[in-house]
Structures are given as C-alpha cells and as structure tokens.
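The chain contents come next:
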Amino acid sequence: MKLTVSRRVAATSIAAAFLAGGLATAAPASAAGNYGCSGWNVKVNRWTANCDVKSGQARSVTECSNGKTIYGKWVGKGKWKFGGDCGRYFIVSHGTDGR
C-alpha cells in the first residue's frame, strides 16, 4: 500500500490520536463491488474487521510504526475476519486490498 501525501497526513493524524490516548477509527475503503467490511475494531497496535468477499480476492494490509507492512493472505469468496497486529508498535495505517 503506497501512501500518498494526503494519506500520510491522515495516517500521521491517526497515529497522533492514538498516542494522545484518543481512539481514531477510520473505515478504509474497499475495492469497488467485490467485497465489503464492517464491525471495525481498532486498537493502538491491532485491528480487526468482518469482511464479505463477493467475488475476486481480498486481503488485509497493516502498516506499523516500525516501518513494517503486514499483508494478510489473499482469500476468495466467503465471510472472513481480517486484521493486523503490530505487536509493541502502533498502527500507522490499516486497510484492505482487493483484486
């Protein structure tokens, strides 16, 4: 997941809110028409969501404050629990990819 300047600003704002003790929950956009996610649960260092893949494939993507990007496995049609865990580091951004 490549961050544009505006997404970097948003990700930095989310990280700052976490560090300040606030709970910022952004609902990342899903790829048009092939899957959707709900029930987002976002903590400082991990997140989960319930996703329904209608066609194609989807996966989770999590960027951590240590510079690591965690990609979930590509999954096909069905109902799945997506998420990411940065361990002792905080989440910089989280979302999903579809193809």
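Residues numbered from 1 in each chain as written. Predicted model: local features only at pLDDT ≥ 70, side-chain atom pairs only at ≥ 80, totals over all residues. Heavy atoms only, no water.

Enquirer: Just to check I follow, could you spell out the overall build of the protein for this structure?
Expert: Looking only at helices and strands, one finds 1 helix and 6 strands in the protein. Helices and strands in the protein line up, N terminus first, as α-β-β-β-β-β-β. Across the 99 residues in the protein, those meeting the buried criterion constitute 30%. By sequence separation, contacts in the protein at least 24 residues apart represent 56% of the contacts at least 6 residues apart. For the protein, the exposed surface amounts to about 5,700 Å²; the carbon and sulfur share of it is 55%. (Helix = DSSP H or I, 4+ residues; strand = E, 2+ residues; numbered from the N terminus. Buried < 20%, exposed > 50% of the residue type's maximum accessible area, 1.4 Å probe, protein only. Contact = heavy atoms within 4.5 Å. Areas by Shrake-Rupley, 256 points an atom, 1.4 Å probe, with all protein chains shown as cover.)

Enquirer: I tried to follow the state of the cysteines on my own but got confused; where do I start?
Expert: Cysteine pairs can be covalently joined through their sulfur atoms, and such a bond is termed a disulfide. One pass over the structure, following the stated rule, counts 2 disulfides. Bridging Cys64 to Cys86, the disulfide has an S-S length of 2.1 Å. On the S-S bond that ties Cys64 to Cys86, the torsion sits near -80 degrees, and the link is left-handed. Of this pair, Cys64 sits in strand β3 (residues 58-64) while Cys86 sits in the loop between β5 (78-85) and β6 (91-98), and the two are 22 residues apart along the sequence. Look at Cys86 and you get buried, because its relative accessible area is 6%. Counting its disulfide-bonded cysteines in sequence order, the protein shows a connectivity of 1-2, 3-4. (Disulfide = S-S within 2.5 Å.)

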